[in-house]
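Next come the chains, spelled out residue by residue.
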Amino acid sequence: MTHGSVKVVEFDHAATMDRDELFAWGERLREEAPIAWSEAHGGVWVISRHQDICAIARDTEHFLSGHGVTVPPLKSPVPVIPAESDPPNHTHYRAALASFLTPKEVRKKEAKIREIIVEALDTLIAKGGGDAVADFAAKIPARAMAYVFGFEDEDAYRFDHDFTEVVNAATSNDVERQTRAVENFVTFLNEKLDQRRGDPTDHDLVSAILAYDNKGKTFDDNEALGLVWSAAGGAVDTTKHAIGHALYRLGNDKELRQRIIDDPSLLMTLPDEILRMDSPAFVGARYVAKDVEFGGVQMKEGQRLLMMWGWGSRDGEEFEDADTLDPARKYNRHLAFGHGYHQCIGMHLAKMEIRIAIEEVLGRMPDYELVDPAMQPRIRGGLMWSFDKLPIRV
């Protein structure tokens with residue numbers, strides 16, 4: 001159906017879809033209507049081409065994040081920053097985090113990250129297998145981020161436990177459980193913020209957030225809480241699900257698995273290719289700040305649009321053999337971490353975690369098996385492309 005020069009499609013990104021349906025939509029829209037309109041959720045533009053997504057992500061004059069980066073909007077109890085912010089505040093929020101997450105700083109943390117991953121893998125191996133998502137992948141990023149925050153091991157375990165319960169409760173229909181989980185995690189984070197107010201250091205992220213002062217710009221208590229909360233959420237889900245996708249791909253492709261074992265140098269490029277093929281954060285939203293013509297269509301102030309990160313990462317105009325996993329692919333401009341001003345600030349840490357997880361798995365249980373090789377990820381809630389569970393045998 002067309003409306004004027006705009007193609008109207010019956011696409012709902014928040015509907016549950018399997019791999020075939022999700023990527024078939026992407027191929028169709030890139031070919032027929034790279035900028036389409038859907039009536040779902042009150043109306044939304046659907047953007048499917050890599051070049052268009054990148055252009056929108058870079059344009060903070062016409063396309064804003066401060067009105068929310070999901071459709072429907074997230075119901076967060078704290079500010080979702082820096083994700084749901086725009087310049088100039090966004091610049092300050094990123095600056096407070098940036099120095100702790102550069103490639104150089106992340107490399108300094110490799111030994112501790114490996115220790116965390118080995119400990120999670122020990123438990124999985126001792127049990128003879130289990131759920132590769134809940135029993136392995138989910139055990140890694142929360143503890144890794146707690147380490148970056150400067151928490152001691154005891155607090156890292158509490159951080160992991162409380163944040164995991166927030167995630168698990170969010171997918172339940174138990175409002176009381178959801179409320180309790182959020183309150184517990186917020187209480188914990190406020191305790192750590194209060195602790196660092198009284199005993200700051202010069203080497204942890206929480207202290208840096210509290211001490212931030214750039215030409216008089218500081219963060220109030222709610223902003224500080226929002227930065228710590230958002231860093232936790234951003235660090236955990238994408239990394240956890242990327243590790244799940246990696247173990248699924250390697251578990252279903254013995255030739256690929258052996259290729260990585262025979263040539264460990266491929267571990268430097270494989271994480272990006274896993275992320276390109278299966279972007280966990282599949283969709284990002286923007287708000288049209290003022291009327292603008294983009295890609296031959298007229299967008300109106302107040303409308304929302306969806307940047308389909310996962311489809312853009314499979315765009316054949318950008319990637320040769322876009323639907324083929326190539327572990328040696330170089331210059332991989334995938335969109336799994338977003339693009340432009342809001343590109344994920346923790347991507348170097350995430351890629352290190354994915355790389356070490358794959359390396360340790362293939363080194364210690366190279367013959368692991370998927371219990372159900374036909375199991376498929378799904379997109380749920382219009383945001384994450386992931387496995388709910390991924391049973392494996394060691």
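Throughout what follows, the structure given in this document is the object of discussion. (Residues numbered from 1 in each chain as written. Predicted model: local features only at pLDDT ≥ 70, side-chain atom pairs only at ≥ 80, totals over all residues. Heavy atoms only, no water.)

A few points about the overall build of the chain
So, point 1. Helix and strand counts for the chain come out as 15 helices and 14 strands.
So, point 2. For 394 residues, the compact-globule formula gives about 21 Å, and the C-alpha radius of gyration of the chain, at 21 Å, lands near that figure.
So, point 3. Taking the principal axes of the C-alpha coordinates as reference, the chain spans close to 60 × 55 × 40 Å.
So, point 4. Within the chain, the proportion of its 394 residues that are buried is 55%. (Helix = DSSP H or I, 4+ residues; strand = E, 2+ residues; numbered from the N terminus. Rg over C-alpha atoms; globule rule 2.2 N^0.38 Å. Buried < 20%, exposed > 50% of the residue type's maximum accessible area, 1.4 Å probe, protein only.)

Focus on the packing of aromatic side chains
So, point 1. The final tally for this structure, using the stated rule, is 18 aromatic pairs.
So, point 2. Arranged with centres 5.8 Å apart and planes meeting at 80 degrees, the rings of Phe23 and Trp385 form a pair that is edge-to-face. Of the two residues, Phe23 is situated in helix H1 (residues 19-32) and Trp385 in strand S13 (residues 384-386); the sequence distance between them amounts to 362 residues. Across the pair, exposure class does not vary: Phe23 and Trp385 are buried alike.
So, point 3. Taking 5.7 Å as the distance between ring centres and 65 degrees as the angle between the ring planes, the aromatic pair formed by Phe149 and Phe159 counts as edge-to-face. Of this pair, Phe149 sits in helix H7 (residues 141-149) while Phe159 sits in helix H8 (residues 153-170), and the two are 10 residues apart along the sequence. Of the two residues, Phe149 and Phe159, neither departs from the other in class, the shared state being buried.
So, point 4. Through a chain of ring-to-ring contacts, the aromatic side chains of Phe149, Phe151, Phe159, Phe185, Phe188 and Trp229 assemble into a single cluster.
So, point 5. We note Lys192 situated over the ring of Phe151; from NZ or CZ to the ring centre the distance is 5.8 Å.
So, point 6. The lysine or arginine in question, Arg257, covers the ring of Tyr368, its NZ or CZ lying 4.5 Å from the ring centre. (Phe/Tyr/Trp six-rings, centres within 6.5 Å; stacked < 30°, edge-to-face > 60°. Lys NZ or Arg CZ within 6 Å of the ring centre and 35° of its normal.)

Some points on the layout of surface pockets
So, point 1. Reported here for the second largest pocket is a volume of approximately 290 Å³.
So, point 2. Lining of the second largest pocket is provided by Pro103, Val106, Arg107, Glu110, Leu267, Met268, Pro271, Asp272, His348, Lys351, Met352 and Arg355.
So, point 3. By residue number, the principal contributor to the lining of the second largest pocket is helix H15 (residues 347-364), which donates four residues. (1 Å grid on protein atoms, 1.4 Å probe; cavity = no way out; pocket = protein on both sides within 12 Å on 5 of 7 lines; lining within 4 Å. Points joined across faces, edges and corners; volume = space filled by probe spheres on them.)

Describing helix H12 (residues 254-262)
So, point 1. Of the positions making up H12, those classed as buried are Leu256, Arg257 and Ile260. Along the long axis of H12, the arc covered by the buried residues comes to 100 degrees, so they all point the same way. Turned more than 90 degrees off the buried face of H12, the exposed positions are Lys254, Glu255 and Asp262.
So, point 2. Here the buried face of H12 lies against helix H11 (221-251), helix H13 (270-277) and H15.
So, point 3. The N-terminus of H12 is capped by Asp253, whose side-chain oxygen sits 3.3 Å from the backbone nitrogen of Glu255. (Arc of directions from axis to C-beta. Contact = heavy atoms within 4.5 Å. Polar contact = N/O pair within 3.5 Å; in protein donor to acceptor, adjacent residues only side chain to side chain.)

Points about the sheet that holds strand S6 (residues 129-131)
Within a sheet, neighbouring strands are paired by backbone hydrogen bonds and run either parallel or antiparallel to one another.
So, point 1. A sheet is described by the order of its strands in space; here three strands give the open sequence S6-S14-S11, paired in antiparallel fashion. In this open sheet, the two strands that pair with only one neighbour each are S6 and strand S11 (369-370).
So, point 2. Of the pairings in the sheet, the one linking S6 to strand S14 (residues 391-393) comprises three bridges and is antiparallel in character. Of the residues in S14, the one forming a bridge with Gly129 is Arg393. (Pairing = 2+ DSSP bridges.)

With respect to unusual backbone geometry
So, point 1. With an omega dihedral of -5 degrees, the bond running from Val71 to Pro72 counts as a cis peptide bond.
So, point 2. Structurally, Pro72 can be placed in the loop between strand S5 (63-64) and helix H3 (89-98).
So, point 3. The residue Lys215 is not glycine, and still its phi comes out positive at about 55 degrees.
So, point 4. As for its position among the elements, Lys215 is in the loop between helix H10 (205-211) and H11.
So, point 5. Since its relative accessible area comes to 84%, Lys215 is described here as exposed.
So, point 6. In this model, Asp321 sits at a positive phi of 50 degrees, which is unusual for a non-glycine residue.
So, point 7. You can see Asp321 is positioned in the loop between helix H14 (309-312) and H15.
So, point 8. When its relative accessible area of 53% is taken as the criterion, Asp321 is described as exposed.

Details of empty space enclosed by the protein
So, point 1. One pass over the structure, following the stated rule, counts three cavities of 30 Å³ or more.
So, point 2. In this structure, the largest cavity encloses a volume near 50 Å³.
So, point 3. Residue lining of the largest cavity: Ala57, Asp59, Thr60, Phe63, Ser65, Ser85, Asp86, Pro87, His90, Arg286, Tyr341 and His342, and that is the complete set.
So, point 4. Looking at the lining of the largest cavity residue by residue, the classes come out as four nonpolar, five polar and three charged.
So, point 5. If you add up the space inside the second largest cavity, you get close to 40 Å³.
So, point 6. Lining of the second largest cavity is provided by Phe23, Gly26, Glu27, Arg30, Trp311, Arg314 and Asp323. (Nonpolar A, V, L, I, M, F, W, Y, C, P; charged D, E, K, R; others polar.)

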